[in-house]
Amino acid sequence: MSLTIHPVHGIPEISEGADLGRLLGEICSDADFGLVDGDVLVVTQKIVSKAEGAVIEIDMDDPLSHKPVVEREAVRILRRRGDLIITETKHGFVCANAGVDLSNVARGHAALLPEDSDRSARGIRDRILGRQGVSVGVVVSVSYTHLRAHETLRYRGWRGGRGKKGGGGGGG
């Protein structure tokens, strides 16, 4: 058994309504490696959020304008440390700022976590299967999270680093 990791190049800027299953399937088909049954495709939460319209406008002149969004997205605030708020989200994630992310989005916008990353992963998987006839697993990776107790690893990204963990998955 072996593990081979291929970066997927050529993904354009994603906007609301993008068909990620079609787009990623086509890009992978055009790549040297293609997709085959049993492959696992790891998709970042950020492009899923963008495609699903989970990006909101915030006041770009107010550096703290995303804090009310953080408090709205959190079901529980566990700790405050300076500008950082450690929260539990409705998904059961414990993470910094309820997953509200200001990076890699247009200035004056914030990306939220996908509503249901398992459903998102299944949708991408099903679209690839339907269009290409290839059965792949899909993992929606979420950076900076500490996952629910029943999921694989626990990680506290706000303690000196960042990481990526699976936030949702769809069979294979």
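Criteria and thresholds
- Residues numbered from 1 in each chain as written.
- Predicted model: local features only at pLDDT ≥ 70, side-chain atom pairs only at ≥ 80, totals over all residues.
- Heavy atoms only, no water.
- Axes fitted to C-alpha atoms, helices over the stretch in contact; angles between N-to-C directions.
- Helix = DSSP H or I, 4+ residues; strand = E, 2+ residues; numbered from the N terminus.
- Parallel < 35°, antiparallel > 145°, perpendicular 65-115°, else oblique.
- Left-handed = near helix turned anticlockwise from the far one by under 90°.
- Contact = heavy atoms within 4.5 Å.
- Nonpolar A, V, L, I, M, F, W, Y, C, P; charged D, E, K, R; others polar.
- Buried < 20%, exposed > 50% of the residue type's maximum accessible area, 1.4 Å probe, protein only.

Once that is clear, we can look at the packing of helix 1 (residues 20-30) against helix 4 (residues 117-132). To describe two helices that pack against each other, one gives the angle between their axes and the distance between the axes. One can describe the packing of helix 1 onto helix 4 by two numbers: an axis separation of 8 Å at closest approach and a directional angle of 55 degrees. Regarding the angle of helix 1 to helix 4, the classification is oblique. Viewed along their axes, helix 1 and helix 4 form a crossing whose handedness is right-handed. Of helix 4, the residues touching helix 1 (which contributes Leu-20, Gly-21, Arg-22, Gly-25, Glu-26 and Ser-29) are Ile-124, Arg-127, Ile-128, Arg-131 and Gln-132. For the contact of helix 1 with helix 4, the class distribution of residues is three nonpolar, four polar and four charged.

In this structure, Asn-97 takes a positive phi of about 55 degrees despite not being glycine. As for its placement among the helices and strands, Asn-97 is situated in the loop between strand 5 (94-96) and strand 6 (109-111). You can call Asn-97 buried: its relative accessible area is 13%.

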